[in-house]
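Examining the three-dimensional arrangement
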Amino acid sequence: MILISHRGNIFGPNKDRENSPEYIEEAIYAGYNVEIDVRFYKGGWYLGHDKAQYRVEESFFNNKFIWCHAKNVETFQNLLKLNAHTFFIQDDHVALTSKRYLWLSPTHERIIPGTICVMPEDSRWKNANKNNLSICLGICSDFIESFK
């Protein structure tokens, strides 16, 4: 089972630290993969969910434990050029990552075997059998420690 920290969170959301490079590195050091929000903005690389918040070098994306959520199509195209592990999803139920993983959004409402189940603690998974997460290839969560 691949355990993925959502934006660096391990024990729950931390809006003040999410997506910061230090927070991400702490989660990786704790043994987790990390999903991060990435923007290519004015010729530079930034992390941040709602805006370009933390500037990083492109080498930051070379880490095999990082899953890059491209926040727009231009960012997605540029991450692909870097060979970063990336995906682009907006209102879709599922996305295919650049390394061929199926990233399953909580909007799907049904857990599908062999996917990365995102935020199983989310109330939108109302029809999901949350006791059977073992059918997932991985889990991405703000509370990833609880899935160890």
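The present account deals with the structure reproduced in this document.

Our focus in this paragraph is the overall build of the protein. The helix and strand tally for the protein stands at two helices and 10 strands. Listed N to C, the secondary structure of the protein is β-α-β-β-β-β-α-β-β-β-β-β in terms of helices and strands. For the protein, the C-alpha radius of gyration of 14 Å lies close to 15 Å, the compact-globule estimate for 148 residues. Projected onto the principal axes, the alpha-carbon positions of the protein cover approximately 45 × 25 × 25 Å. Sequence-distant contacts in the protein: of pairs separated by 6 or more residues, those separated by 24 or more amount to 41%. Surface accessibility of the protein: about 7,900 Å² in total, with carbon and sulfur atoms responsible for 48%. Computed over 17 positive and 18 negative side-chain charges, the inter-centroid distance for the protein is 4 Å.

Taken together, the side chains of Val94, Leu96 and Leu102 make up a nonpolar region of the molecular surface, amounting to roughly 240 Å² of accessible area. Mapping Leu102 onto the fold places it in strand S8 (residues 102–104).

Let us look at the nonpolar core. In this structure, Ile36, Leu47 and Phe61 are the most contacted members of the largest nonpolar core, which totals 27 residues. Among the elements of the structure, helix H1 (21–29), strand S2 (33–41), strand S3 (44–47), strand S4 (54–56) and strand S5 (66–70) are those that each provide at least two residues to this core. Among the elements that make up this core, the one with the highest residue count is S2 (four residues). Apart from residues lying up to four places away in sequence, Phe61 is in contact with Ile36, Val38, Trp45, Leu47, Val56, Cys68, Leu79, Leu82 and Ala84.

What counts and what doesn't
- Residues numbered from 1 in each chain as written.
- Predicted model: local features only at pLDDT ≥ 70, side-chain atom pairs only at ≥ 80, totals over all residues.
- Heavy atoms only, no water.
- Helix = DSSP H or I, 4+ residues; strand = E, 2+ residues; numbered from the N terminus.
- Rg over C-alpha atoms; globule rule 2.2 N^0.38 Å.
- Contact = heavy atoms within 4.5 Å.
- Areas by Shrake-Rupley, 256 points an atom, 1.4 Å probe, with all protein chains shown as cover.
- Lys, Arg positive; Asp, Glu negative; His and termini not counted.
- Charge placed at Lys NZ, Arg CZ, Asp CG, Glu CD.
- Patch = residues over 30% accessible without salt bridge, like charges linked within 9 Å, V, L, I, M, F, W, Y side chains within 5 Å.
- Salt bridge = Lys/Arg side-chain N within 4 Å of Asp/Glu carboxyl O.
- Core = buried A, V, L, I, M, F, W, Y, C linked by side-chain atoms within 4.5 Å.
- Buried < 20%, exposed > 50% of the residue type's maximum accessible area, 1.4 Å probe, protein only.

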